[in-house]
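Architecture at a glance
This is what each chain is made of:
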Amino acid sequence: MSGQTYFITGGNKGIGFELVTQLSKASDKNVIITTTRSPERAKKLYELATKFTNIHVIDLDVGDAKSIDTIEAQLDKIGVKGIDVFISNAGIFASLDPILKTDADVFLRHYTVNTLGSILVFQKVYKYLLAKETRKVIFISSVAGSFSNTLPLDTTAYGQSKVALNYSAVQLSKELVSENFIVIPLHPGAVYTESAQVSLAPLVAARPELFANIKDLMLTPEESVKGVISVIDGLEPKDSGIFYDYKGEALPF
Ligand SMILES: NC(=O)c1ccc[n+]([C@@H]2O[C@H](COP(=O)([O-])OP(=O)(O)OC[C@H]3O[C@@H](n4cnc5c(N)ncnc54)[C@H](OP(=O)(O)O)[C@@H]3O)[C@@H](O)[C@H]2O)c1
């Protein structure tokens, strides 16, 4: 297969960094455009980009409409003519509080970054996806955004934002069916990344046994991303609108 052009948000750490790593190594014909909120947060990513020149890093805060407005100019500067695969990965998981203890700004921050950020960035990259025929759109979601999830945690603000993201992915899959887009929400598994460590930190002291059980079950970013890429590679039009996990198993909404 000839190279593909990927646009991946939040490539400086965690699952995003691993996606950039594996995809840039997979073929020097792949082009990976990825984003960071600031160069200081992205030293490892810039180091990788000096080794793999198929990586291009742009600035983007998905929670800031003005920053999202700069995407087109930044892509044009790199000379991007088209994008095959958009992976909306940037996200936050910043609260384990139940509804009664969650402040308005916490709900809004999760919605702004995880849901609205993903949608607004997609609006900007849509025309670049149209320029190619692959037209794969992956919204990195979570089982926390499934009504049938059995997580032993309060994922209130985060879960709501991922439910809304899942809704948006399904809606888009319908809107764009005539243009042959494949749009899916994808759960990457429970992965031991920085955000997972920070969000699970309150459990270390409060519920150490639960923390130990959860940690035992978690994947490394390498394991998760190997599965995620294999799912993306195998996507066909009939998959559009289905909620998949990193093993390619369909999940309930
Ligand atoms: N880890 C898991 O177990 C798990 C499970 C299910 C779903 N997910 C989803 O997987 C995705 C990646 O999570 P992760 O575990 O890899 O988390 P992570 O290690 O914390 O990485 C998150 C990435 O998103 C970026 N980001 C956060 N807020 C942003 C903003 N306003 N604008 C631009 N970039 C922003 C971060 O950049 P900064 O360094 O600047 O913060 C970072 O690059 C998220 O959508 C998450 O919800 C993760």
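Scroll up for the structure.
In short, a report on the structure. What you are looking at is a predicted structure, and each value in this text was computed from that prediction instead of being measured.

Considerations on the packing of aromatic side chains
In total, this model carries nine aromatic pairs according to the counting rule given. Centroid distance Phe-122 to Tyr-126: 6.0 Å. Interplanar angle 55°. Geometry classified as tilted. Of the two residues, Phe-122 and Tyr-126 both sit in helix α5 (residues 104-130), four residues apart, roughly one turn of that helix. Look at Phe-122 and Phe-181: their rings are 6.4 Å apart centre to centre, the planes differ by 80°, and that puts the pair in the edge-to-face class. Pair noted here: Phe-122 is in helix α5 and Phe-181 is in the loop between α6 (156-175) and β6 (182-187), with a separation of 59 residues, a long-range link. Each of the two residues, Phe-122 as well as Phe-181, counts as buried.

Here we look at a negative patch on the surface
Taken together, Asp-97, Asp-103, Asp-105 and Asp-154 make up a surface patch of like negative charges. In this fold, Asp-97 is placed in the loop between β4 (85-88) and α5. We classify Asp-97 as partly exposed; its relative accessible area is 36%.

Thoughts on unusual backbone geometry
Phi is positive for Arg-135, close to 55°, though the residue is something other than glycine. Relative to the assigned elements, Arg-135 resides in the loop between α5 and β5 (136-140). Residues other than glycine seldom take positive phi values, yet Asn-180 does so here, at roughly 60°. Relative to the assigned elements, Asn-180 resides in the loop between α6 and β6.

Procedures and definitions
Residues numbered from 1 in each chain as written. Predicted model: local features only at pLDDT ≥ 70, side-chain atom pairs only at ≥ 80, totals over all residues. Heavy atoms only, no water. Phe/Tyr/Trp six-rings, centres within 6.5 Å; stacked < 30°, edge-to-face > 60°. Helix = DSSP H or I, 4+ residues; strand = E, 2+ residues; numbered from the N terminus. Buried < 20%, exposed > 50% of the residue type's maximum accessible area, 1.4 Å probe, protein only. Patch = residues over 30% accessible without salt bridge, like charges linked within 9 Å, V, L, I, M, F, W, Y side chains within 5 Å. Areas by Shrake-Rupley, 256 points an atom, 1.4 Å probe, with all protein chains shown as cover. Salt bridge = Lys/Arg side-chain N within 4 Å of Asp/Glu carboxyl O. Lys, Arg positive; Asp, Glu negative; His and termini not counted. Charge placed at Lys NZ, Arg CZ, Asp CG, Glu CD.

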